[in-house]
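Each chain, written out:
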Amino acid sequence: MAGKNLTLVTEFLLVAFTDCPERARPLFLLFLFIYVVTLSGNLGMIVLIRVDRRLHTPMYFLLSHLSLVDTCFSSVTVPQLLAVLLERGAALAYTRCAAQFFLFTLFGSADCYLLALMAYDRCVAVCRPLLYVTVMTQKTRWAFVGGAYGAGLFSATVRTVSAFTLSFCGTNEIDFMFCDLPPLLKMTCGDSYTQEVVIIVFAVFVIPACLVMILVSYLLIIVAIVKIPSAGGRAKTFSTCASHLTSVSLFFGTLIFMYLRGNSGRSSKEDRVVSVFYTAVIPMLNPFIYSLRNKEVKEAVRRILNRARSSSSNLGKS
């Protein structure tokens, strides 16, 4: 540090995609469409589960909270991305960047925990079907969801405090669309070893811990499915887990690629593509993943549409 003229950063300038101004408008329209579909799909899923009594089960209770978290997760980052594209860059005050990082980490961590709890829910349903109702009581469900939010809050607090007690110096430009850890670490100066260890330890704890729970749950599910004598029974049982398994593969696959690999050889362009996928695309896809291959959700949609048609026809007759 001695002999270097370093200026501490008090404001961050997000400049993602500004190197290609001709693509700004098409990208803006694309991500606006993605965001509208994300809000419509996830909020629609929440309302559907709330309205249809047949969906008042532990699995759909957890799914409604996953939809809520996905809505918040996307809302923390995508509007910021739209502002960057519209204004060809966006300035963020230090405190606003810290707040965005905190919320992003909170909902991202809660997403991981909820997906792990949904794996446990499927494990109990498949391996202990007779005890499912007594194990997954309403009190247990709320305890699980409260624990997911609480653990996410704790993780977000520790990681945000650790990240923003670092010193940032040099250029204040971030070739990214929101305040995320990889671009922030590239701007650090001074001794940041302790903070970086804390940040990495929490990242390593959250992602692998949830993955271990998911893998153990699915290992037990596979063992239970193999014991089913008929091929039709095995296929029907596995189909109840297919949507969740797809969602887990997409979300954790991108998180591992983004956060659990070394910094050497990383490019900002590569990180941007990956971050867009798990902050914008996956929250948009989840409602479709859980509805297109789910007979109960499709039947619930049909029932609501039939009620709406009958109500409108009754109003027309009156």
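Residues numbered from 1 in each chain as written. Predicted model: local features only at pLDDT ≥ 70, side-chain atom pairs only at ≥ 80, totals over all residues. Heavy atoms only, no water.

An unreviewed UniProt entry lists the protein under the name Olfactory receptor, with Camelus ferus given as the organism. Note on the protein: under the UniProt heading Subcellular location (unreviewed entry), the record states "Cell membrane". Under the UniProt heading Sequence similarities (unreviewed entry), the entry covering the protein gives this text: "Belongs to the G-protein coupled receptor 1 family." (UniProt positions renumbered as here; feature names shortened; annotations may be inferred.)

Novice: Help me get a handle on the nonpolar core, residues and values and all.
Specialist: Formed by 91 residues in total, the largest nonpolar core has its most connected members in Phe12, Phe164 and Phe252. At 19 residues, the largest contribution of residues to this core is made by helix α3 (residues 94-127). Apart from residues no more than four positions distant in its own chain, Phe252 is found in contact with Cys112, Leu115, Ile207, Cys210, Leu211 and Ile214. (Core = buried A, V, L, I, M, F, W, Y, C linked by side-chain atoms within 4.5 Å. Buried < 20%, exposed > 50% of the residue type's maximum accessible area, 1.4 Å probe, protein only. Helix = DSSP H or I, 4+ residues; strand = E, 2+ residues; numbered from the N terminus. Contact = heavy atoms within 4.5 Å.)

Novice: Let's hear about the sheet that holds strand β2 (residues 90-93): which residues, and what values?
Specialist: In space, the 3 strands of this open sheet follow the order β2-β1-β4, with mixed pairing throughout. The sheet is open, and its two edges are formed by β2 and β4 (173-174), each paired on a single side. Strand direction decides the pairing type here: strand β1 (residues 11-14) and β4, joined by 2 bridges, are parallel. Counted as the bridge partner of Leu13 is Glu173 from β4. Running over the sheet, helix α2 (residues 58-87) touches β1 and β2 and is turned about 135° from β2. Against the sheet, α3 engages β1 and β2, with an angle of about 90° to β2. (Pairing = 2+ DSSP bridges. Axes fitted to C-alpha atoms, helices over the stretch in contact; angles between N-to-C directions.)

Novice: Explain the packing of aromatic side chains to me, using residue names and the numbers behind them.
Specialist: The geometry of an aromatic ring pair comes down to the distance between the two centres and the angle between the two planes. Here the structure, examined in full by the defined rule, presents 12 aromatic pairs. Judged by centre distance (6.0 Å) and plane angle (25°), the ring pair of Phe12 and Tyr94 falls under stacked. Highlighted residues: Phe12 in strand β1 and Tyr94 in helix α3, separated in sequence by 82 residues. Judged by relative accessible area, which is 25%, Tyr94 ranks as partly exposed. When the centroid spacing of 5.7 Å and the interplanar angle of 85° are considered together, the rings of Tyr120 and Phe144 count as edge-to-face. Here Tyr120, found in helix α3, pairs with Phe144, found in helix α5 (residues 138-163); they are 24 residues apart in sequence, far enough to count as distant. By relative accessible area, which is 29% here, Tyr120 ends up partly exposed. Ring pairs connect the aromatic residues Phe73, Phe104, Phe176, Phe178, Phe251, Phe252 and Tyr278, which therefore count as one cluster. (Phe/Tyr/Trp six-rings, centres within 6.5 Å; stacked < 30°, edge-to-face > 60°.)

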